[in-house]
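Structural overview for review
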Amino acid sequence: MNESEAIDAIRRALAEVAPEIDPAGLALDVPIARQVDLDSMDMLAVLAAIEEITGIEVPERDVARLETVAGGASYLMARAGGGGA
Amino acid sequence: MGELRMPSLGADMESGLLVEWLIAPGDHVARGDVIAVVETDKGEIEIEAFEEGEVGSLLVREGDSAPVGALIATLVGGTTPADADELPADAAAVPVPTPAPEPPAAAPPAPPRVRASPAARMAAERLGVDLAAVTGTGPGGAVGVADVERAATGATTAGDAGAPSEDPSEALRRAVGAAMARSKREIPHYYVALDVDMGPASAFLDARNADLPPSRRLVATALLVRALGLAVRDVPELNGHFRDGRPRPSEDVNVGVAVAMRGGGVVAPAIHEVDRLDLAAVMEALRDLVTRARAGRMRGSEVSDGTITLSALGSGSVDAVHGVIYPPQVAIVGAGTIADRPWVVDGSLAVRPVATLTLAGDHRVSDGRRGGRLLMRMADLLMRPEEL
């Protein structure tokens, strides 16, 4: 998985849960929570969507790594590259 | 002869527009089965049968309105108290649905909404189609999924959709506003608050969620709903309604959960019998409720059966929310964002994750000490989350 694939996966997951946003317009380094109105249940839905799109399951302890789109993309690339460690 | 009647889905509801029948003559209906989709100013609600039997006749056409309490369908071999004098003598023999009488106009009518089935609305959103521009081919000009799909491919028939449609979130906002204004006019509110150490609850959630996939993880709101459902049994006068000048406490504990709608506005459908559900079941019910509420698919019993409501702000918000009681309920509990705060532990300062719980109560039914008791009992339960 390269960076643009990882960023795209996160954008698609967010767009699924919050259809009113423009995924391409999201700033990569600003916390997602400041750009999109997501409550805790929405976050679980985003994680489920990420898993569906990428096959990567994000455990609860790693959720903080997805604070920004860029951070989330790095995390997903590391997980994908490491063979899902 | 059994009866299916238009239910009251809100304190101010006078009539409902029957958007779509989900049953047909000859179907067997059990109590609780969803029978039709009714449009109210809170959006589209699925109404349920309160009796069982085999469907006889459907008495209201899709696209027509019926007043609250009006007979909308008959059941054969139903289980009903015999109110034979209320039925038209030849009801069983009516094969063709007759239109219901027009509801009395109580307030200046709102601009007409586009009549469309929920499936059509979801399709319109998904396909980026403006419902107001779609010509409906269903009963009364109602828009169905096929109409939306046709519009999306550009194969629309010429012709306008009639009067301009109103944004559904505008209608919802107005309905919520009217209910809240009425609440403030009629209910003498008092307010109490309590800060709670959510350390044990947070640790419990982290441990529980560590090995679960997202679809089975718990959120803090589920703990709050369950704690409220159990705590209110200690202060039963806060669980129920005030109607016709009297408090009417309820046997069932149906906790309404405030859900923010994506286009704006708040609805508060209820999870039934929270005191009898375990935590996993509460979480499942909560997830299902929130998803359906946001998709405009709540059920009549959820909208009208709440006995007390929880308004939880969730994460990333402010310390406290002081709610407005949803009539005819008599209390509403608020929960602010859980945040680290200075806290006293054994006489010394420490840092703990803390949430502020509030309660607004109807002073005709309870007072500050009783309201405070509910919050203290909730706090006790939240300090021992494994018992929830």
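Look above for the structure.
Here's what I pulled together on the structure shown here. (Residues numbered from 1 in each chain as written. Chains lettered and ligands numbered in written order. Predicted model: local features only at pLDDT ≥ 70, side-chain atom pairs only at ≥ 80, totals over all residues. Heavy atoms only, no water.)

Time to look at the sheet that holds strand β7 (residues 65–67) of chain B. By way of backbone hydrogen bonds, the strands of a sheet pair with one another, either parallel or antiparallel. Residues and elements named next belong to chain B. Reading across the sheet, the five strands line up as β7-β2-β4-β5-β16 and stay open at both edges, with mixed pairing between neighbours. Strand pairing shows two members of the sheet lacking a second neighbour, β7 and β16 (298–299), which therefore form its edges. Bridge count between strand β4 (residues 34–40) and strand β5 (residues 43–48): six bridges; the pairing is antiparallel. Each residue of the ladder has a partner; that of Thr40, found in β5, is Gly43. (Pairing = 2+ DSSP bridges. Helix = DSSP H or I, 4+ residues; strand = E, 2+ residues; numbered from the N terminus.)

At the junction of the two partners, chain A supplies 20 residues and chain B supplies 14 residues. Considering only the side of chain A, the residues that lose the most area to chain B are Met41, Leu44 and Glu60 of chain A, jointly responsible for 46% of the buried surface there. A salt bridge links Glu60 of chain A to Arg217 of chain B; the nearest nitrogen and oxygen atoms lie 3.0 Å apart. A per-class count over the side of chain A that touches chain B returns eleven nonpolar, one polar and eight charged. (Contact = heavy atoms within 4.5 Å. Buried area = accessible area lost by both parts, 1.4 Å probe. Salt bridge = Lys/Arg side-chain N within 4 Å of Asp/Glu carboxyl O. Nonpolar A, V, L, I, M, F, W, Y, C, P; charged D, E, K, R; others polar.)

Let's shift gears to the pairing of strand β8 (residues 71–76) of chain B. All names here are of chain B. Burial analysis of β8 places five of its six residues in the buried class, which makes it a mostly covered element. Here strand β1 (residues 2–5) runs beside β8; their pairing, made up of four bridges, is antiparallel. Bridge pairing in β8 links Glu3 to Thr74. One ladder, built from three bridges, connects strand β6 (residues 53–58) with β8; its direction is antiparallel. Paired with Glu54 across the bridge in β8 is Val76. (Buried < 20%, exposed > 50% of the residue type's maximum accessible area, 1.4 Å probe, protein only.)

Let us look at the sheet that holds β1 of chain B. One open sheet holds the four strands; their spatial order is β1-β8-β6-β3 (chain B), and the pairing between them is antiparallel. Strand pairing shows two members of the sheet lacking a second neighbour, β1 and β3 (28–29) of chain B, which therefore form its edges.

So, on to the packing of aromatic side chains. Counted by the stated rule, this structure contains zero aromatic pairs over all chains. Of note, Arg364 of chain B hangs over the ring of Phe242 of chain B, and the distance from its end group to the ring centre comes to 3.9 Å. (Phe/Tyr/Trp six-rings, centres within 6.5 Å; stacked < 30°, edge-to-face > 60°. Lys NZ or Arg CZ within 6 Å of the ring centre and 35° of its normal.)

We now examine helix α5 (residues 220–231) of chain B. All names here are of chain B. When the terminal C-alpha atoms of α5 are compared, their 16 Å separation across twelve residues agrees well with the 16 Å that a helix rising 1.5 Å per residue should span. Across the twelve residues of α5, eleven count as buried, placing the element largely inside the fold. Where α5 is concerned, the buried positions are Thr221, Ala222, Leu223, Leu224, Val225, Arg226, Ala227, Leu228, Gly229, Leu230 and Ala231. (Expected span 1.5 Å × (residues − 1).)

In this section: the pairing of strand β19 (residues 339–345) of chain B. Residue and element names in this part refer to chain B. Of the pairings in the sheet, the one linking β19 to strand β20 (residues 348–362) comprises seven bridges and is antiparallel in character. Opposite Trp343, over in β20, you have Ala350 as the bridge partner. Linking two consecutive strands that pair antiparallel, namely β19 and β20, is a turn of two residues; a positive phi of about 50 degrees is found at Asp346 within it.

Let us now look at the environment of Arg352 of chain B. Residue and element names in this part refer to chain B. Within the fold, Arg352 resides in strand β20. Accessibility expressed as a relative area gives 29% for Arg352, which makes it partly exposed. Along the chain, Arg352 and Asp197 lie 155 residues apart, while their C-alpha atoms are 6.5 Å from each other. Contact partners of Arg352, with chain neighbours within four places excluded, come to Asp197, Ala339, Asp340, Arg341, Trp343 and Val345. A distance of 2.9 Å separates the side chain of Arg352 from the side chain of Asp197, its partner in a polar contact. (Polar contact = N/O pair within 3.5 Å; in protein donor to acceptor, adjacent residues only side chain to side chain.)

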